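Fold and contact review
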Amino acid sequence: MPKRSLMLAGGGLKIAFQAGVLQVWLDEAGIEFDHADGVSAACFNLAMWAQGMTGTQIADHWRKFRPLAAVGLNWPQLPRLIYAASLFTLNAFRKKFFPEWELDWDKIRASEREATFNVYNFSKHELRPLNASELTEDFLIATGSLPVWFPPVRIDGDTYIDAVFNTATNLEEAIHRGSDELWVIWTTSSRGKWLNGFIGNFFGIFEATTNGGYKRILARIDANNSAITRGATGEFGRKIKVRELRSEVQLHYLFNFSKARFADAVNRGVDAARAWCKTNNVT
């Protein structure tokens, strides 16, 4: 059997849609993964998976998500204006949502599920994929610490931030770990619509970086597979199959204030995954 990796790509709060896909892939289709990788806020879903939760449990947590309870202005920093550490904090996730999701750090660290949580060590300028055995609350917060919006996290003297500008999905790590099939859930918009204003510009840069990096690694995989077909070794030494579920999720990456919209995004993920499974003969 090929080694399968579940690739939970970053996409801000669009990961609610991703959770709906997990309900179908994990529970309804019964797909088993030997490894899972997460970037940015998708690491929240990954933590639940690593702990042993079902796809439906992960999806239900997002159906119940209260966005207004997650908003926390970084009040002490706001008077500093353009020199502020961040506009918001992720303290609500520490105090409310991680406990509500019943995240158990000991269970995650002892998990038999192979998982990698990507953070970016800004002090050393290194992408760091953490094993589940290394995960702490601070590191999980760091995975979602998107610059400007949320403050970096200091851990053991180093500064950590969201890894999404370095990679939105660490396909290379999965390949390095021996995976032959990469099952990607991609929610970053690729429609190419530029939006004016600070927020529109910021997430336009986000889309340019993530889509560009993703296309480059996919091109390398295609070149590798073509080389092997010709009888050459190829960059990765074996054929790599990418199975992608891509969607233009109608949910903003960060600014959403309706609980109902999150439940709707989850259910849209369910519908999209069922249709994808039917099209791709996955049962």
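Shown above is the structure to which this text applies.
These remarks concern the structure in this document.

Here is what the cut-offs are and how they apply
Residues numbered from 1 in each chain as written. Predicted model: local features only at pLDDT ≥ 70, side-chain atom pairs only at ≥ 80, totals over all residues. Heavy atoms only, no water. Helix = DSSP H or I, 4+ residues; strand = E, 2+ residues; numbered from the N terminus. Rg over C-alpha atoms; globule rule 2.2 N^0.38 Å. Buried < 20%, exposed > 50% of the residue type's maximum accessible area, 1.4 Å probe, protein only. Contact = heavy atoms within 4.5 Å. Areas by Shrake-Rupley, 256 points an atom, 1.4 Å probe, with all protein chains shown as cover. Polar contact = N/O pair within 3.5 Å; in protein donor to acceptor, adjacent residues only side chain to side chain. Salt bridge = Lys/Arg side-chain N within 4 Å of Asp/Glu carboxyl O. Core = buried A, V, L, I, M, F, W, Y, C linked by side-chain atoms within 4.5 Å. Pairing = 2+ DSSP bridges. Right-handed = clockwise from strand over helix to strand, strands pointing away. Phe/Tyr/Trp six-rings, centres within 6.5 Å; stacked < 30°, edge-to-face > 60°.

1. Here's the deal with the overall build of the protein
Secondary structure summary: the protein contains 10 helices and 8 strands in total. In summary, the protein has a C-alpha radius of gyration of 18 Å against a globular reference of 19 Å for 283 residues, a match within 12%. In terms of overall dimensions, the protein has C-alpha extents of about 60 × 40 × 40 Å along its principal axes. In the protein, buried positions account for 53% of the 283 residues. A sequence separation of at least 24 residues applies to 73% of the contacts in the protein between residues at least 6 apart. For the protein, the exposed area adds up to about 12,900 Å²; of that, 52% sits on carbon and sulfur atoms.

2. A closer look at the side chain of Asn 256
Along the chain, the position of Asn 256 falls in the loop between strand S8 (241-246) and helix H10 (259-279). Reaching out from Asn 256, the side chain makes a polar contact with the backbone oxygen of His 252 at a distance of 2.7 Å. Here Asn 256 is in contact with Leu 13, Pro 67, Leu 251, Arg 261 and Phe 262, once residues within four sequence places are set aside.

3. Considering the pattern of salt bridges
Counted under the stated rule, the structure contains 17 salt bridges. Among the salt bridges present, the one from Asp 158 reaches Lys 124, with a minimum N-O distance of 2.5 Å. One end of the pair, Asp 158, is in strand S6 (residues 158-162); the other, Lys 124, is in the loop between strand S3 (114-121) and strand S4 (126-131), with 34 residues separating them in the sequence. Note on Asp 158: relative accessible area 13%, which makes it buried. With its nearest N and O atoms 2.8 Å apart, the salt bridge here joins Glu 172 to Arg 220. With Glu 172 in helix H8 (residues 171-176) and Arg 220 in helix H9 (residues 197-229), this pair connects stretches of sequence that are 48 residues apart. By relative accessible area, which is 40% here, Glu 172 ends up partly exposed.

4. Quick look at the nonpolar core
One recurring pattern in soluble globular proteins: nonpolar side chains tend to sit buried together. In this structure, Trp 25, Trp 62, Phe 93, Trp 101, Leu 103, Phe 117 and Leu 140 are the most contacted members of the largest nonpolar core, which totals 95 residues. Take this core: its biggest share by element is 9 residues, from helix H1 (residues 15-28). Excluding anything up to four places from it in sequence, Trp 62 contacts Leu 13, Ile 15, Ala 16, Ala 19, Asn 45, Met 48, Trp 101, Phe 262, Ala 263 and Val 266.

5. Here's the deal with the pairing of S8
Pairing between strand S7 (residues 181-186) and S8: 6 bridges, direction parallel. By the bridge assignment, Trp 186 is partnered in S8 with Arg 246. Assessed by its sense of winding, the connection that carries the chain from S7 through H9 to S8 is right-handed.

6. Concerning the packing of aromatic side chains
Using the criterion set out here, one finds 34 aromatic pairs in the structure. Ring geometry for Phe 44 versus Phe 98: centroids 5.5 Å apart, planes at 80 degrees, classification edge-to-face. Here the residue Phe 44 occupies a position in helix H2 (residues 42-51), and Phe 98 occupies one in helix H5 (residues 91-100), the gap between them amounting to 54 residues. Here the aromatic rings of Trp 186 and Tyr 214 are separated by 4.0 Å at their centres, their planes lie at 10 degrees, and the arrangement is stacked. Taken together, the residues Trp 186 in strand S7 and Tyr 214 in helix H9 connect sequence positions 28 residues apart. Accessibility expressed as a relative area gives 0% for Trp 186, which makes it buried.

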